[in-house]
Amino acid sequence: QVHLAESGGGFVQAGDSLRLSCVGSGRTFGGYSLGWFRQAPGKEQEFVAAINYIGDQQRYAESVKGRFTVSRDNDKNTMFLQMFNLKSDDTARYVCAALRDHRWWPVGVSLRSKYDFWGQGTQVTVSS
């Protein structure tokens, strides 16, 4: 069992940067691949980024590639999403999730159904 808690969201201007954090509980945090998803009002939840359990491989949605960077510190049970050059389209609730089965890396990392544990999310609002 892993409990996840996101933080770092806020209200920013277009072009600004923001860093989200996802802190996990439990000694097994380092054994999970982790992902970020987001959901804007009236839209489906979508994949944003993922990082494998070691932290040496990342995957990104095309819409954020080159602007967002996902990283993790297993010693601190924390994953980060550094977001640069934010756009109004990035406005959403960002949620982190943990993927237990390594066989799904990387082919399944964009699929919500493959993740085992989810946080509650943090709101990011980008004003244009």
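Note that the structure is predicted; figures quoted are calculated from it, not measured.

Caption draft 1: Examining the overall build of the chain more closely. When helices and strands are tallied, the chain shows zero helices and eleven strands. Its helices and strands in sequence order give the chain the pattern β-β-β-β-β-β-β-β-β-β-β, from N to C terminus. For the chain, the spread of C-alpha atoms along the three principal axes comes to 40 × 25 × 25 Å. With the model as given, the accessible surface of the chain reaches about 6,600 Å², and the carbon-plus-sulfur share is 46%.

Caption draft 2: Here's a closer look at the state of the cysteines. By the definition in use, this model includes one disulfide. In this model Cys22 forms its disulfide with Cys96; the gap between the sulfur atoms is 2.1 Å. Taking the sign of the torsion about the S-S bond as the criterion, the disulfide between Cys22 and Cys96, at about 65°, is right-handed. Placement of Cys22 in strand S3 (residues 18-24) and of Cys96 in strand S9 (residues 92-99) is noted, with a sequence separation of 74 residues between them.

Conventions used here
- Residues numbered from 1 in each chain as written.
- Predicted model: local features only at pLDDT ≥ 70, side-chain atom pairs only at ≥ 80, totals over all residues.
- Heavy atoms only, no water.
- Helix = DSSP H or I, 4+ residues; strand = E, 2+ residues; numbered from the N terminus.
- Areas by Shrake-Rupley, 256 points an atom, 1.4 Å probe, with all protein chains shown as cover.
- Disulfide = S-S within 2.5 Å.

Function-wise, these values are silent; they only describe arrangement.
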